[in-house]
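Observations on the model geometry
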Amino acid sequence: MKTNKKTAAKLITAGVIGGAVALGGNVVYDHFNTTGTSLNTSSTATKVDNTAYKVTSDTTKAISKVSDAVVSVINYQKAPESGSSIDDLFGDRDNKTKKDDAKEQPAAEGSGVIYKKDGDTAYVVTNNHVVDGASSLEILLSNGNKVKGTLVGKDAYSDLAVIKMAAKDVSKVATFGDSTKLTVGEPAIAIGSPLGSQYANSATEGIISSLSRQVIMKNESNETVNINALQTDAAINPGNSGGALVNVEGQVIGINSSKISATGASSSDVSVEGMGFAIPSNDVVSIISKLEKDGEIKRPALGVQMLDFASISSQNQAQLKLPSAVTAGVVIAKVQDGLPAAAAGLKKYDVITKIGDTKVTSGTELQTALYKYNIGDSMKITYYRDGKENTATIKLDNTSDKLKFDDAEKKNTDK
């Protein structure tokens, strides 16, 4: 994992580095002395004490309940084209064949959790960024067997995906716990494949550090990821993505997704430890149920292209004629015909300050507020035009896949 010297903390997708099992909570040692006394008082050569110890704790019991349901997810992608620019220019007739015959290679590895068996099919939840760009998927089970995985659906915004596989080798299915009933300070155990399948089924232990952290970042496809996450200090590293965060009862309370990496403003790096994030189980269940059914999450669209008010120059801000009390909002750069914003009369240069009763100061905040509504809902919006405050009621009768702004304009936020 590389770290760049920046002044601000950086969120990265969870990945990999091995962790040994950390025992904790009500440890019980059962010992069986097979040699009489275990104290070596003899003057003969030093020997290993062969007293057998059986260690059990809340942690070991929780791990044993769920570890067989935690898998590695291997993302295979076809090797990049190596054809000449002349072939590209004149359209090499064998180009398509080359692409079809391109050899697949492992491109990424993450973790996943088997959460359901239905007849001959089992279902695995993982992160969207674990499966992104895959031409095929492979699941490494806890018993060492590898099976083919087929993508059922994925959602970039929540960073979740569902994979299906043959159920014949599945011995354990995880149970989801209620993430709304968690307590800050209670034990949390992360299980996954840090640094890849070489370290599959590694377990680390910590606590729940916070119940509600807003984690907003861009994935490699420049899509917004927005999670109201659980924070934990259990070690989460690249490769842990998509793995289980479990409670002392062995219930999955979250799907591990990201961690913070940071560097300081000085020449020396600032070490950041124990700040990992997981998608709460209640949110996971809601999303994966929709992915199983539809293969995607359909979300409402306004049909506007936007800029953050704070990101434009003071000269351009002045042209919007906002009252001095209004210092933040979202500026409409373009309105798409036939979508809800246009139907409600919104125009270019309008400045949106509220969605419902929620203040918005950026496109990301607007998106978060918008996605709390469903397609078919009516939503109140507050905006300024020529210095005057206005409100409009928008009928959210279109989905985000209806947006058709030119690719050249995609650098702005489309909603």
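As the structure is a computational prediction, the values presented were derived from the model and not from experiment.

This brings us to unusual backbone geometry. What is expected of a backbone is that most residues other than glycine have negative phi and most peptide bonds are trans. With a phi angle near 60 degrees, Asp 159 is a residue other than glycine that sits in the positive phi range. Locating Asp 159 in the fold gives a position in the loop between strand S8 (146-155) and strand S9 (160-166). We note that Leu 195 has phi near 65 degrees; this positive angle belongs to a residue other than glycine. Turning to its location among the elements, Leu 195 is positioned in the loop between strand S10 (187-192) and strand S11 (202-218).

This paragraph deals with the pairing of strand S4 (residues 70-78). Counting buried residues in S4 gives seven out of nine residues, a clear majority hidden from the surface. Here S4 runs beside strand S5 (residues 104-118); their pairing, made up of nine bridges, is antiparallel. The residue bridging Lys 78 from the neighbouring strand is Glu 104, located in S5. In the sheet, S4 pairs with strand S7 (residues 136-140) via five bridges, with the strands oriented antiparallel. Note that in S7 the partner of Tyr 76 across the bridge is Ser 136.

This part covers the sheet that holds S9. Reading around the barrel, the six strands line up as S4-S5-S6-S9-S8-S7 and close back on themselves, with antiparallel pairing between neighbours. Averaged over neighbouring strand pairs, the angle between their axes works out to 40 degrees when direction is ignored. Along the sheet, helix H5 (residues 281-294) contacts S5, strand S6 (121-126), S8 and S9; its crossing angle with S9, the most-contacted strand, is approximately 60 degrees.

Moving on, we come to the pattern of salt bridges. Here the structure, examined in full by the defined rule, presents eight salt bridges. With a closest N to O distance of 3.7 Å, Lys 65 and Glu 249 form a salt bridge. You can see Lys 65 sitting in helix H1 (residues 58-66) and its partner Glu 249 sitting in the loop between strand S13 (244-246) and strand S14 (252-262), a full 184 residues away along the chain. With a closest N to O distance of 2.8 Å, Lys 116 and Glu 292 form a salt bridge. Of this pair, Lys 116 sits in strand S5 while Glu 292 sits in helix H5, and the two are 176 residues apart along the sequence.

With that settled, consider the nonpolar core. Counting residues in hydrophobic clusters, the biggest one holds 48 residues, and the most contacted among them are Val 73, Ile 114, Val 125, Ile 139, Met 165, Ile 191 and Val 252. With five residues, S9 is the single largest residue contributor to this core. Ignoring any residue separated from it by four or fewer positions in sequence, one finds Val 252 in contact with Val 66, Val 113, Ala 174, Thr 175, Phe 176, Gly 177, Ala 244, Leu 245, Val 246 and Ser 281. In terms of nonpolar packing, the next biggest core, distinct from the first, is built from 21 residues, Met 306, Ala 341, Val 360 and Tyr 383 among them.

On to the packing of aromatic side chains. For the coordinates displayed, the defined rule picks out three aromatic pairs. Ring geometry for Tyr 157 and Tyr 371: centres 4.7 Å apart, planes at 80 degrees, overall edge-to-face. Of this pair, Tyr 157 sits in the loop between S8 and S9 while Tyr 371 sits in the loop between helix H8 (363-370) and strand S20 (378-385), placing them 214 residues apart in sequence. Looking at Arg 299, its charged tip hangs above the ring of Tyr 371, at a distance of 5.3 Å from the centre.

Take H1 next. Among all positions in H1, only Thr 59, Ala 62, Ile 63 and Val 66 are buried. Along the axis of H1, the buried positions cluster into a sector of 100 degrees, meaning they face one direction only.

Here the focus is the side chain of Thr 204. In this fold, Thr 204 is placed in strand S11. For Thr 204, the side chain forms a polar contact with the main-chain oxygen of Ala 235, separated by 2.9 Å.

Time to look at the confidence of the model for the chain. Detailed reading of predicted coordinates is not advised where the pLDDT is low. In the predicted model, the chain carries a mean pLDDT of 84, and the fraction of residues at 70 or more is 79%. Taken as a whole, residues 1-9 scores under 50 in pLDDT and shows 21 contacts with residues more than four places along the chain or in a different chain. Contacts for the low-pLDDT stretch residues 263-267, under 50 throughout, to residues beyond four places or in other chains number 15 contacts.

Parameters at a glance
- Residues numbered from 1 in each chain as written.
- Predicted model: local features only at pLDDT ≥ 70, side-chain atom pairs only at ≥ 80, totals over all residues.
- Heavy atoms only, no water.
- Helix = DSSP H or I, 4+ residues; strand = E, 2+ residues; numbered from the N terminus.
- Buried < 20%, exposed > 50% of the residue type's maximum accessible area, 1.4 Å probe, protein only.
- Pairing = 2+ DSSP bridges.
- Axes fitted to C-alpha atoms, helices over the stretch in contact; angles between N-to-C directions.
- Contact = heavy atoms within 4.5 Å.
- Salt bridge = Lys/Arg side-chain N within 4 Å of Asp/Glu carboxyl O.
- Core = buried A, V, L, I, M, F, W, Y, C linked by side-chain atoms within 4.5 Å.
- Phe/Tyr/Trp six-rings, centres within 6.5 Å; stacked < 30°, edge-to-face > 60°.
- Lys NZ or Arg CZ within 6 Å of the ring centre and 35° of its normal.
- Arc of directions from axis to C-beta.
- Polar contact = N/O pair within 3.5 Å; in protein donor to acceptor, adjacent residues only side chain to side chain.
- pLDDT = per-residue confidence, 0-100.

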